[in-house]
Amino acid sequence: MANGTESGFESKLWAMADSLRNNMDAAEYKHVVLGLIFLKYISDAFEAKHLELETQKAQGADPEDPDEYRAASIFWVPKGARWSHLKDNAPQPTIGKIVDDAMVEIERDNPSLKGVLPKDYARPGLDKQRLGQLINLVSDIGLGSPADRAKDILGRVYEYFLAQFASAEGKKGGQFYTPSHVVRILVEMLAPYKGRVYDPCCGSGGMFVSSEKFIEAHSGKLGDISIYGQESNYTTWRLAKMNLAIRGIDAQIAHGDTFHKDRNPDLKADWVMANPPFNDSDWRGELLKEDKRWVYGVPPAANAKFAWVQHFIYHLAPTGLAGFVLANGSMSSNQSNEGEIRKNIIEADLVDCMVALPGQLFYSTQIPVCLWFLARSKRNGRFRDRRGETLFIDARKLGTLVDRVHRELSDDDVKKISGTYHGWRGDKDAPKYSDVPGFCKASKLDEIRNHSHVLTPGRYVGAEEAESDGETFEDKMERLVATLRQLTAKAAKLDEAIAANLKELGFGS
């Protein structure tokens, strides 16, 4: 389908699903809907393979042998968990227990899904008639070829629903979802073709999904990257596992607190992409004052942002690159040793690029944020030698309001930002870079020192050049002064008319 058709289909499906929500909170309903979509996905993929095996019985294929499916990286779905069974029983008052039993059976037979699937459909608070309607609705997802039905369409629906739930939940939604256009900037700028990709606060896994899409779009091989992630929120970790499984992405996603129980302690990643919690004050930093990750200074216990930054650096390979989202305060704050940590990171020549983004991009906050890009080595042979140099991009004027409180960056906006970075660092076939007043500036380390190690792009890019109208300064001043005199004379006449009217009414002197 064309993008517009997909979007129309997805939005229509969302409107129908949302109408079944009744009084249920979006955060609760999210797991009801996404769990069913996931179940539909694995059942569709299973049924397609089952049909293929049926036609190969003469050659010894067994459609009821779980190993036939595992060999093709398809989840085995027991008979009682297959979508046809759920749909047949959708009108029954016991449908909640039937769905729960299906989830239990799938987890039992597929160890990688253990503890991932929601199993609370039988609870009294969930209207079973509406659950049956929802099952019938999800049954309609499945268009085109078996491959499309099992992967592409369902993947897009899952991603679309994640975004809609994030919007519906507002601030809480930002805990599991980073807007796709923001993720795309990180992915397009870093261009992770090959190697280890790491996100230690991965939410619902959007960074990994976009990385796979990027590789597909640029004719790379999906097997060329290895994915590692960690998420501390258990329900969000489950969303990530389902989101990646729906797309057939093989990833090692651990559950746990990244700071206090790093599940990838020895990992050195080629690419780090992350959107850590903004200004997290509850990370128990006072327990980690002697941690080996704090090479550039001990981060304050009241704010985790520079703990995250140093965690990213610690896990970078010798030629690794990192791109991540932080609140704007990270570029200039001097509170509680933060300024000193930022200074030490700058003096170590790790800051490759800084991007200031417009406000209203996130569901979790209306404040503007920035993107940091760090390079372990600016002379690693992959790009030109950029030692002692940092690129600043001020993208605050980009983006379009899609409603009163949300702004989105277009494909052209993403291309403008990423293309500027690629040109500056010397990517093959990238356009030649040049400073653009008001938008981008390549600055030396001494200039950053002169700005007291503040990294706000607006300090470096200067003002946008005004377009000349061809009028000389002298002519313009004469014209403006003449206009001012005319307006002053007109104002005096109006004052006289007002005074005369007031006098007639008995209020004048």
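Details of the structure are given in the entry above.
Residues numbered from 1 in each chain as written. Predicted model: local features only at pLDDT ≥ 70, side-chain atom pairs only at ≥ 80, totals over all residues. Heavy atoms only, no water.

A. Up close: the side chain of Glu107. Mapped onto the secondary structure, Glu107 falls in helix H5 (residues 95–109). Other than its neighbours up to four places away in sequence, Glu107 contacts Leu113, Lys114, Gly115, Val116, Leu117 and Lys119. (Helix = DSSP H or I, 4+ residues; strand = E, 2+ residues; numbered from the N terminus. Contact = heavy atoms within 4.5 Å.)

B. Just the packing of aromatic side chains, in detail. Within this structure, the stated rule accounts for 17 aromatic pairs. Members of the aromatic cluster, joined through ring pairs, are Phe259, Trp283, Trp294, Phe306, Trp308, Phe312, Phe324 and Trp372. In this structure, Lys268 packs its charged tip against the face of Tyr314, placed 4.2 Å from the ring centre. Across from the ring centre of Phe439, 4.4 Å away, lies the NZ or CZ of Lys416, which sits over that ring. (Phe/Tyr/Trp six-rings, centres within 6.5 Å; stacked < 30°, edge-to-face > 60°. Lys NZ or Arg CZ within 6 Å of the ring centre and 35° of its normal.)

C. Representation of the nonpolar core within the structure. In terms of nonpolar packing, the biggest core is built from 98 residues, with Leu36, Phe38, Phe161, Val355, Phe373 and Ile393 touching the most fellow members. With 13 residues, the top contributor of residues to this core is helix H2 (residues 26–54). Among the nonpolar cores identified, the runner-up in size contains 39 residues, and Val309, Val351, Leu445 and Ile448 belong to it. (Core = buried A, V, L, I, M, F, W, Y, C linked by side-chain atoms within 4.5 Å. Buried < 20%, exposed > 50% of the residue type's maximum accessible area, 1.4 Å probe, protein only.)

D. Examining the sheet that holds strand S8 (residues 389–394) more closely. Ordered in space as S3-S2-S1-S4-S5-S7-S6-S8-S11, the nine strands form an open sheet in which the pairing is mixed. Each end of this open sheet is capped by a strand with a single partner; those strands are strand S3 (251–255) and strand S11 (440–444). Strand-to-strand twist in this sheet, taken as the mean axis angle between neighbours without regard to direction, amounts to 15 degrees. Contacts between helix H13 (residues 411–425) and the sheet are confined to strand S5 (316–327), strand S6 (351–356), strand S7 (369–375), S8 and S11, with S8 contributing the most and set at about 165 degrees to the helix. (Pairing = 2+ DSSP bridges. Axes fitted to C-alpha atoms, helices over the stretch in contact; angles between N-to-C directions.)

E. Highlighting the packing of H5 against helix H6 (residues 128–139). Contact geometry for H5 and H6: axes closest at 9 Å, N-to-C directions at 55 degrees. The orientation of H5 with respect to H6, classified from their angle, is oblique. On the side of H5, the interface is formed by Ile95, Gly96 and Val99, while H6 contributes Lys128, Leu131 and Ile135. When its residues are assigned to classes, the contact of H5 with H6 shows four nonpolar, one polar and one charged. (Parallel < 35°, antiparallel > 145°, perpendicular 65-115°, else oblique. Nonpolar A, V, L, I, M, F, W, Y, C, P; charged D, E, K, R; others polar.)

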